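A closer look at the structure
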Amino acid sequence: MEELFQTLKITPKDRTLYERAFSHSSYVNEHHLKQDYERLEFLGDAVLDLVVADYLYSNKQEEEGEMTKVRASYVCENACYEYAKSLEFSKFIKVGHGEKNDGGTVKKAIMADIFEAFLGAVYVDLGYATAKRVCEKVVIPFLLDPTVNFFSDYKSVLQEYVQTEQKTLVYQVVKEEGPAHNKMFTVTVSIDDIVLGTGTAGSKKEAEQVAAREALEKMAK
């Protein structure tokens, strides 16, 4: 992990935080450890959200609605996965044997979560200024690259349509399968009781986005 610290030009004070940030629940369970990355992920998600919002407010002139859409694009699972790939996180991720055999160290959902957990560790260990500097080094170049498009906030687009047409929008989890550390969720989205989209992903949030995208594609035909 030393090369990662050198790349980001950070000097950790509490290395156990970073060990935890890269520890998936399957690894923690196998080795009878106390905590996996999830609490740090919760914190890192908020840090990333704030840094991107701060950057957009300070450097762009868009209205609130447009800034909200752009921010959503650069804090979503697809984006965090690309950030993690750019830092070669798969070399440091620790998963259990079963998860490893299933390609856990390169799974999108796990890599995306661990990017946020890593940011959470930086924030706890070195403070907001350092966490912001890490985000600026890793995230902002993607935001400035006109060829990059992480847009995935299909739910917001669908919600705007429903509000305009005064229709009823409902998301429903219809299937939940897999072990606790590797859940897969299937979600349907209905408009006025008609199912228009179905999505399956490693989180309810991402499954809802997939379902919303399918609904929008059907409505566009």
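First, a word on what this report is: a plain description of the structure on this page. (Residues numbered from 1 in each chain as written. Predicted model: local features only at pLDDT ≥ 70, side-chain atom pairs only at ≥ 80, totals over all residues. Heavy atoms only, no water.)

Topic: the environment of E116
With respect to the helices, strands and loops of the structure, E116 is situated in helix α8 (residues 108–126). Residue E116 is classed as buried on the basis of its relative accessible area of 7%. Along the chain, E116 and K204 lie 88 residues apart, while their C-alpha atoms are 17 Å from each other. Once residues lying within four places of it in the same chain are set aside, the contact partners of E116 are L40, E41, G44, D45, L48, V75 and C80. (Helix = DSSP H or I, 4+ residues; strand = E, 2+ residues; numbered from the N terminus. Buried < 20%, exposed > 50% of the residue type's maximum accessible area, 1.4 Å probe, protein only. Contact = heavy atoms within 4.5 Å.)

Considering a negative patch on the surface
On the surface, a cluster of negative charge is made up of E62, E63, E64 and E66. For E63, the position within the fold is in the loop between α4 (38–59) and α5 (64–75). Classification of E63 by relative accessible area gives exposed; the value is 64%. (Patch = residues over 30% accessible without salt bridge, like charges linked within 9 Å, V, L, I, M, F, W, Y side chains within 5 Å. Areas by Shrake-Rupley, 256 points an atom, 1.4 Å probe, with all protein chains shown as cover. Salt bridge = Lys/Arg side-chain N within 4 Å of Asp/Glu carboxyl O. Lys, Arg positive; Asp, Glu negative; His and termini not counted. Charge placed at Lys NZ, Arg CZ, Asp CG, Glu CD.)

Things to note about the layout of surface pockets
Within this model, the largest pocket holds a volume of roughly 1000 Å³. E41, E77, D113, S203 and K205 are the residues nearest the centre of the largest pocket, which is lined by 38 residues in total. Within the residue set of the lining of the largest pocket, elements represented by two or more residues are α3 (25–30), α4, α5, α6 (77–86), α8, α11 (154–165), β2 (184–191) and α12 (204–220). Broken down by element, the residue count for the lining of the largest pocket peaks at six residues, all from α8. (1 Å grid on protein atoms, 1.4 Å probe; cavity = no way out; pocket = protein on both sides within 12 Å on 5 of 7 lines; lining within 4 Å. Points joined across faces, edges and corners; volume = space filled by probe spheres on them.)

Things to note about the sheet that holds β2
Read from one edge to the other, the open sheet built from three strands follows the order β1-β2-β3, with strand pairing classed as antiparallel. Each end of this open sheet is capped by a strand with a single partner; those strands are β1 (169–177) and β3 (194–201). Neighbouring strand axes in the sheet, compared pairwise and without regard to direction, differ in orientation by 20° on average. Pairing analysis gives eight bridges linking β1 to β2, with the strands arranged antiparallel. Note that in β2 the partner of E176 across the bridge is F185. Where α11 meets the sheet, its contacts fall on β1 and β2, and the angle it forms with β1 comes to roughly 145°. (Pairing = 2+ DSSP bridges. Axes fitted to C-alpha atoms, helices over the stretch in contact; angles between N-to-C directions.)

Some remarks on the packing of aromatic side chains
Applying the stated criterion across every chain yields a total of nine aromatic pairs. For the ring pair Y18 and F118, a centre distance of 5.8 Å and an interplane angle of 55° mean the geometry is tilted. Taken as a pair, Y18 in helix α2 (residues 15–21) and F118 in helix α8 lie far apart in primary sequence, 100 residues in all. Comparing Y18 with F118 shows no difference in burial state: the two are buried. With 5.9 Å between their ring centres and 55° between their planes, F22 and F118 make a pair best called tilted. In this pair, F22 sits in the loop between α2 and α3 while F118 sits in helix α8, placing the two residues 96 residues apart along the sequence. Summarising the burial analysis for this pair, F22 and F118 share the class buried. (Phe/Tyr/Trp six-rings, centres within 6.5 Å; stacked < 30°, edge-to-face > 60°.)

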